[in-house]
Amino acid sequence: MLFSTQFDARGRGENILAMNRTDDEWIDELGGATPDGTLADLRGLLLRGLRFALASYRVTESDLEDFVQDGLLKILDNLTSYRREARFTTWAQKVCVRVALTELRRRRWRDVSLEDIIAQSEIADFTLAALTDQSPDPGEATVTKMMLATVQRLIHEELTERQRTALLAVMQGGMPLQEVAERMGMNRNALYKLLHDGRQRLKQRMGNEGLAPQELLAMFGQR
Amino acid sequence: MKLRDFFKQWWRRVMAFTQPKEAASPAFDSPAFSDEQVKALVMGLAQTDARELSCDEVYALLDVFAERVQRGEDAATMMPLVEHHLAMCPDCREEYEALLKSMEATAAGD
């Protein structure tokens, strides 16, 4: 099936051989005076790829075409940023995948706020508190619980409020970094760096307290 | 007005009576982490390195990385920082996996 010829609305086949352009040919033709045929071939390729890549997502054919159209615009706007380190078609598919998944995440999380996610976490903690014996008897706490409580304290002391909020949103609610970042007024790149900084600080502090993550994990695994 | 004030005071007394004396983490402000989240965080700490690529840096290299994987090369060893970031960042991981699938579907037409 992959080797069959598919026809577009003008009856012109998406000839598989015609797709074997070199990277330079793609760039030259797309940037040239009459890119229509090349654009149609690229559109067909991107649509085929995205259809398969998003098969497990809830997308319609119309969604796919919109994503490809937006992807094509982005590709044409950014032709000069293609660095020829991978094939042009791979680079183009990367751009299109990013466009599609960005939009799908926005749709999925549109009505969810950070407060919603944090509130879920607070409710869960309240329930835990209500069911747990709160008598302050250290003798009753297991070593594991003590270690968990220690790490909780270090999280509180080392991470900023923003870092804790971001971490909780990602861990508790599974919210994509892209969506957390937007709600916190930054881009995804900056959020990843914020979280990385938090992880670094926490790891360093734990090291200073003689708590190696690997040893803690081994301890948790012994439960 | 009097009835509203009376209701407000009554409601405050009810809430004060029913609120727990201490929160789950009494010394800490929210947000607090569950035990499972703490464990997951510690797992992340075990994989945390001083030098980690950003999402933008990985995006710039994702097509190269994906082609190496497609060719059956040991991309993880050749580009360990990209591999590491993909293990730590769910958004980038999702895009990488979608790119691989797209490439699989278009391989014959390239």
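Residues numbered from 1 in each chain as written. Chains lettered and ligands numbered in written order. Predicted model: local features only at pLDDT ≥ 70, side-chain atom pairs only at ≥ 80, totals over all residues. Heavy atoms only, no water.

## Considering the overall build of chain A
Move 1: The secondary structure content of chain A amounts to ten helices and two strands.
Move 2: Residue burial in chain A is summarised as follows: out of 223 residues, 44% are buried.
Move 3: Partitioning the intrachain contacts of chain A with sequence separation of at least 6 by distance along the chain shows that 64% fall at a separation of at least 24. (Helix = DSSP H or I, 4+ residues; strand = E, 2+ residues; numbered from the N terminus. Buried < 20%, exposed > 50% of the residue type's maximum accessible area, 1.4 Å probe, protein only. Contact = heavy atoms within 4.5 Å.)

## Brief notes about the packing of helix α3 (residues 55–70) of chain B against helix α6 (residues 90–106) of chain B
All names here are of chain B.
Move 1: Between α3 and α6, the shortest axis-to-axis distance is 10 Å and the interhelical angle comes to 35°. In this structure, the crossing between α3 and α6 has a hand that is right-handed. Contacts between α3 and α6 involve Cys-55, Tyr-59, Leu-62, Asp-63, Phe-65, Ala-66, Glu-67, Val-69 and Gln-70 from the former and Cys-92, Glu-95, Tyr-96, Leu-99, Leu-100, Met-103 and Glu-104 from the latter.
Move 2: A per-class count over the contact of α3 with α6 returns eleven nonpolar, one polar and four charged. (Axes fitted to C-alpha atoms, helices over the stretch in contact; angles between N-to-C directions. Left-handed = near helix turned anticlockwise from the far one by under 90°. Nonpolar A, V, L, I, M, F, W, Y, C, P; charged D, E, K, R; others polar.)

## Some points on the interface of chain A and chain B
How large an interface is tends to be reported as the accessible area lost when its parts come together.
Move 1: In this complex, chain A contributes 65 residues to the contact, which on the side of chain B involves 58 residues.
Move 2: Both faces considered, chain A and chain B share a buried interface measuring about 5,900 Å² in area, 60% of it formed by carbon and sulfur atoms.
Move 3: Contact with chain B buries surface across chain A, with Lys-94, Gln-152 and Tyr-192 of chain A losing the most and accounting together for 12% of the total.
Move 4: Its salt-bridge partner being Glu-95 of chain B, residue Arg-98 of chain A comes within 2.8 Å of it at the nearest N-O pair.
Move 5: Among the secondary structure elements, those contributing two or more residues to the side of chain A that touches chain B are α2 (36–53), α4 (88–109), α5 (114–131), α6 (143–158), α7 (161–173), α8 (177–183), α9 (188–208) and α10 (213–221) of chain A.
Move 6: When the residues that make up the side of chain A that touches chain B are grouped by side-chain class, the tally is 32 nonpolar, 16 polar and 17 charged. (Buried area = accessible area lost by both parts, 1.4 Å probe. Salt bridge = Lys/Arg side-chain N within 4 Å of Asp/Glu carboxyl O.)

## Quick word on the environment of Leu-177 of chain A
Move 1: Considering the arrangement of structural elements, one finds Leu-177 of chain A in helix α8.
Move 2: Taking C-alpha positions, Leu-177 of chain A is 5.9 Å from Arg-188 of chain A, a pair spaced eleven residues apart along the chain.
Move 3: Contact partners of Leu-177 of chain A, with chain neighbours within four places excluded, come to Val-170, Arg-188, Leu-191 and Tyr-192 of chain A together with Cys-89, Pro-90 and Asp-91 of chain B.

## Thoughts on the environment of Val-64 of chain B
Move 1: If you trace the backbone, Val-64 of chain B turns up in helix α3.
Move 2: Residues Val-64 of chain B and Ala-75 of chain B, spaced eleven residues apart in sequence, show a C-alpha to C-alpha distance of 9.2 Å.
Move 3: Setting aside chain neighbours within four positions, we find Val-64 of chain B in contact with Glu-85 and Ala-86 of chain A together with Met-79 of chain B.

## Topic: unusual backbone geometry
A negative phi angle is the norm for most residues apart from glycine, just as the trans form is the norm for most peptide bonds.
Residue and element names in this part refer to chain A.
Move 1: Its identity is not glycine, yet Arg-84 carries a phi of approximately 60°, on the positive side.
Move 2: With respect to the secondary-structure elements, Arg-84 resides in the loop between α3 (61–77) and α4.
Move 3: The class of Arg-84 is partly exposed, set by a relative accessible area of 44%.

## Comments concerning the state of the cysteines
Residue and element names in this part refer to chain B.
Move 1: Applying the stated criterion to the full structure yields zero disulfides over all chains.
Move 2: Cys-55 carries a free sulfur, and the closest cysteine sulfur to it, the one in Cys-89, is 3.8 Å from it.
Move 3: The buried category is assigned to Cys-55, whose relative accessible area is 1%.
Move 4: This cysteine, Cys-89, is not joined by any disulfide, and Cys-92 carries the nearest cysteine sulfur, 3.6 Å off.
Move 5: Here Cys-89 falls in the buried class, since its relative accessible area comes to 1%. (Disulfide = S-S within 2.5 Å.)

## Brief notes about the packing of aromatic side chains
Move 1: Counting across every chain of the model gives five aromatic pairs over all chains.
Move 2: The interplanar angle of 85° and the centroid separation of 5.4 Å between the aromatic rings of Tyr-82 of chain A and Phe-88 of chain A together place this pair among those described as edge-to-face.
Move 3: The class for Tyr-82 of chain A is buried, based on a relative accessible area of 5%.
Move 4: Arranged with centres 5.5 Å apart and planes meeting at 65°, the rings of Phe-65 of chain B and Tyr-96 of chain B form a pair that is edge-to-face. A residue pair is termed long-range when its members are at least 10 positions apart, and Phe-65 of chain B in helix α3 and Tyr-96 of chain B in helix α6 qualify at 31 residues. When sorted by exposure, Phe-65 of chain B lands in the same class as Tyr-96 of chain B, which is buried.
Move 5: Members of the aromatic cluster, each reached through a chain of ring pairs, are Trp-26, Tyr-82, Phe-88 and Trp-91 of chain A.
Move 6: For Lys-94 of chain A, the ring lying beneath its charged end belongs to Tyr-59 of chain B, and the centroid distance is 4.6 Å. (Phe/Tyr/Trp six-rings, centres within 6.5 Å; stacked < 30°, edge-to-face > 60°. Lys NZ or Arg CZ within 6 Å of the ring centre and 35° of its normal.)

## Notes on the confidence of the model for chain B
Residue and element names in this part refer to chain B.
Move 1: Considering every residue of chain B, the mean pLDDT works out to 81; 69% of them sit at 70 or more.
Move 2: Taken element by element, the predicted model of chain B shows its lowest mean pLDDT in helix α1 (residues 2–18) (56) and its highest in α3 (98).
Move 3: Low pLDDT (under 50) marks residues 16–29, which in the prediction has eleven contacts with non-local residues, meaning those over four places away or in another chain.
Move 4: Taken over the whole predicted complex, pTM reads 0.79, whereas the ipTM for its chain interfaces reads 0.82. (pLDDT = per-residue confidence, 0-100.)

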